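Residue-level structure breakdown
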Amino acid sequence: MASKAWSPTAKVGEFRPYVGAEESLREFTVKTVVFGMLFGVLFGAVTVYVGLRAGLTVSASIPIAVLSITLLRAFGKSTILENNMVQTIGSAGESVASGVIFTLPALIFLGFPLEYSRVFLLALLGGWLGVLFMIPLRRQLIVKEHGNLTYPEGTACADVLVAGDRGGSFAERVFWGLGIGGVYTVLKNSVGLWNSQPEYRPSWLPGSSLRADIASEYLGVGYVIGPKVAGVLFAGGVFSWFVVMPAIKFFGSLAPSVALYPSTVPIPNMTPDQLWRIYIRPMGAGAVAAAGLFTLVRTLPTIVSALSSGLKDLGAGGAASAGSLRTERDMPMGTVVAGSVVLLAMMWALLTFKPVPGAETGMFSNVMAAVFVVVFGFLFVTVSSRICGIIGTSANPVSGMTIATLMATCAMFLVLHWTGAAYSALALTIGGVVCIASANAGATSQDLKTGFLVGATPVRQQIGLVLGVMASALVIGLTLILMNTALAQFVPAQIPVDPAHLTAGVQVEQQNFEHNGKSYVLLNAIGSREIPDGKFLYDPSTKQIEIQWIQGIGSDKAAAPQARLMATVINGILNQRLPWRLVLLGVFLVVAIELLGVRSLAFAVGSYLSIATTLAIFTGGVVRWLAERGTAGESAESEVSPGSLYATGLIAAGGVFGLLGMVLVVLGDPNFKYHFLPENVLGRGGEWLANLTAKSSFGDVTQSNLVAVAMFLLLAITLYKSARTKLK
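Criteria and thresholds
Residues numbered from 1 in each chain as written. Predicted model: local features only at pLDDT ≥ 70, side-chain atom pairs only at ≥ 80, totals over all residues. Heavy atoms only, no water. Helix = DSSP H or I, 4+ residues; strand = E, 2+ residues; numbered from the N terminus. Buried < 20%, exposed > 50% of the residue type's maximum accessible area, 1.4 Å probe, protein only. Areas by Shrake-Rupley, 256 points an atom, 1.4 Å probe, with all protein chains shown as cover. Pairing = 2+ DSSP bridges. Axes fitted to C-alpha atoms, helices over the stretch in contact; angles between N-to-C directions. pLDDT = per-residue confidence, 0-100. Contact = heavy atoms within 4.5 Å. Patch = residues over 30% accessible without salt bridge, like charges linked within 9 Å, V, L, I, M, F, W, Y side chains within 5 Å. Salt bridge = Lys/Arg side-chain N within 4 Å of Asp/Glu carboxyl O. Polar contact = N/O pair within 3.5 Å; in protein donor to acceptor, adjacent residues only side chain to side chain. Core = buried A, V, L, I, M, F, W, Y, C linked by side-chain atoms within 4.5 Å.

Another aspect to go through is the overall build of the protein. When helices and strands are counted, the protein shows 23 helices and seven strands. The proportion of buried residues among the 728 residues of the protein is 58%. A total accessible area of about 28,400 Å² is found for the protein, and carbon and sulfur atoms account for 66% of it.

The five strands lie next to each other as E3-E7-E6-E5-E4, forming an open sheet whose pairing is antiparallel. Each end of this open sheet is capped by a strand with a single partner; those strands are strand E3 (489-496) and strand E4 (506-515). Across the sheet, the axes of successive neighbouring strands diverge by a mean angle of 30°, strand direction being ignored. Bridge count for strand E6 (residues 534-539) against strand E7 (residues 544-550) is five bridges, and the pairing is antiparallel.

This paragraph deals with the confidence of the model for the protein. Counting all residues, the mean pLDDT for the protein is 82, and 86% of those residues have values of 70 or more. In this model, residues 317-322 is a region of pLDDT below 50 whose contacts with residues beyond four sequence positions or in other chains number nine contacts. Note on residues 695-699: pLDDT is under 50 here. Beyond four places in sequence and across chains, it has two contacts.

Here we come to a nonpolar patch on the surface. A cluster of nonpolar residues, Val367, Val371, Val374 and Val375, forms a patch on the protein surface that exposes about 280 Å² of accessible area. Within the secondary structure, Val367 sits in helix H13 (residues 363-391). Val367 gets classed as partly exposed once you look at its relative accessible area, which sits at 40%.

A word on the pattern of salt bridges. All told, the structure shown has 14 salt bridges when counted by the stated rule. A salt bridge links Asp539 to Lys518, with the shortest nitrogen-to-oxygen separation between them at 2.7 Å. Pair noted here: Asp539 is in strand E6 and Lys518 is in strand E5 (residues 518-525), with a separation of 21 residues, a long-range link. For Asp539, a relative accessible area of 3% gives the class buried. Salt bridges here are not isolated pairs; linked through shared partners, they connect Glu199, Arg201, Arg211 and Asp273.

Looking now at the side chain of Thr79. Among the structural elements, Thr79 can be located in the loop between helix H2 (61-73) and helix H3 (80-103). Discounting chain neighbours no more than four positions away, the residues touching Thr79 are Leu25 and Arg26.

By the element assignment, Glu82 lies in helix H3. Of note is the side chain of Glu82, whose polar atom sits 3.2 Å from the side chain of Thr29. Beyond its immediate chain neighbours, meaning those up to four positions away, Glu82 contacts Arg26, Glu27, Thr29, Lys31, Thr32, Leu72 and Lys77.

This brings us to the pairing of E5. Most of E5 sits inside the fold, with six of its eight residues counted as buried. The pairing of E4 with E5 spans seven bridges and is antiparallel. Paired with Glu514 across the two strands is Ser519, which belongs to E5. Hairpin connection between E4 and E5: a loop of two residues separates the two successive antiparallel strands, and Asn516 in this loop has a positive phi of roughly 55°. By the bridge criterion, five bridges tie E5 to E6 in an arrangement that is antiparallel. The residue bridging Asn524 from the neighbouring strand is Lys535, located in E6.

The next point concerns the nonpolar core. Grouped together as the largest cluster of nonpolar side chains are 186 residues, with contacts concentrated most on Leu52, Val100, Phe413, Leu480 and Met483. Among the elements that line this core, the one with the most residues is helix H15 (residues 421-454), at 18 residues. Ignoring anything within four residues of it in the chain, the contact list for Phe413 reads Phe372, Trp418, Tyr423, Leu426, Ala427, Ile430 and Leu574. Counting residues in hydrophobic clusters, the runner-up holds ten residues, among them Ile495, Val497, Ile531 and Tyr538.

Here it is, written out as structure tokens:
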């Protein structure tokens, strides 16, 4: 029988798991594996979608545990260990996806293609390394440090599982959020019943713009992260869009006919979007890099402690890795070592026999890459796990650790004179695998902590994590490519250029690129003083660039701030192709923020993102602030509160239905090889309504900013009402 006096905070010598080691309950069953892998696929895709758009990710363990308790009940009686196994397998999707989106989209910014097979294999390698490197550390970090390392998300998840085992049910609130958010997303995005981004450009402050991307996932993210972090994010956006951009516009008007680097257009002729893309983004990248390094330096004592503890435990032998009790059995150390060697051999083979197109490197450099992955991988897996035990997964400075990896790697490459484009891709590959391993190690630690508290079998959890990584890796690459394709735009742009005499930073990527039945030369520009960064279609008949191909990833709809930062770091060290003055402005902005005593990372990310994103997230934070008023001491918000569960449903709805809408867009695109749907098949309902209302005396109601704001406020009201209504 499960312990009735279970306490997750009991001291090491007094602690007893909820399910005793001598008990034998169903745990690793067919239905747990199937549901776990399905949740891994779902939350992996949703994390990619939300993370690329918002620049933030949200832990998936608790939502999956809540859903598992309800869904498994529909298939008959389930045990707490089965529900724990489902959330263990499923949560791997969120963590692996986080590591991927922080790094691998940088291939696009560096001018390389984003291939599905490469993303799949690197996600698999990094995810599995994160699991394997964590196994010898489990006894030290999870068991022996039980009273010191709380692992907040893991402990909260154990509370949810125990409450569910004792008869509690929370999933109804998640499903309400999923349903209402889904209807809202379909009507807004696919049917087009109202404007998805209301905007106001004040004539009294040229260069500024107030706008909001009124998506359900942003509202949910803002609620989950809370008013303080959401407010700091929005403050960064206000600084960029209402201080810096108007200042650039004001001073730029003094040179009405001169284009100031890195722009190729005079500032008086630039829109707010162009100001943000060309001037604010480099500043924001410098700010995010500096803030990440500040975060890393701040956690150095923890890093040193984590590394020394991890090495001691490894030296002591994963000795007790195969314990006699069910709750002490880990995967055998021989399997861990052999598996790690095989994964590193796979990475070397991938780099040697299937390199990034146009980025071939030699056998020696590929061996060095594998060595770097081992060194940095084990270092930051240890660090990530311990930091997550202290401050939680959400505050884990994975991007800072990745920056440190990239800086060290690029510095070594610079010493070896490996500065070509191929080595940019190689450095990113190393950083990507380390980032994915670190992100997954943090989530793995939380899962193993949950298992330790409820009495799970570690080796079964570890096998489940391996399966979860594999399932999510299958869909992460597809989601990246889908978003890059569906959100892409082809914009007219007349720029004279001679392909035979291209300036530094511009290169021919493809000679015969087909677009709308016409052949162009595809050019890629990075750090050019004459052509903005990006991809362009050159027409040989007119002898000029005719079209700019704005990739979906990197646009205002999917800014991917962390990946842009990684590309900035690599370019800055290896190629010295950066607008350094703008980057340094961002760096010293962060220095000033830190001197004020404010944690700068959220502000830096907010300064980089579009204000449309940060304003919508801030709205969610305001809703939580209102919901919490008068509840102190009664039902203060937590990760398992009614508002947080409903917000989780909104996030999932925005991701799931947003992705389904993108699938329909791609299948209806005449330029897509396998399209079979008519163009804008769902949007025709919105077009019909727009035409109908346009004939009325009120004009086109569907595109009114007021209607859009009203619909978003209605969604916010449902979130507020849900937060104020107690769980049954």
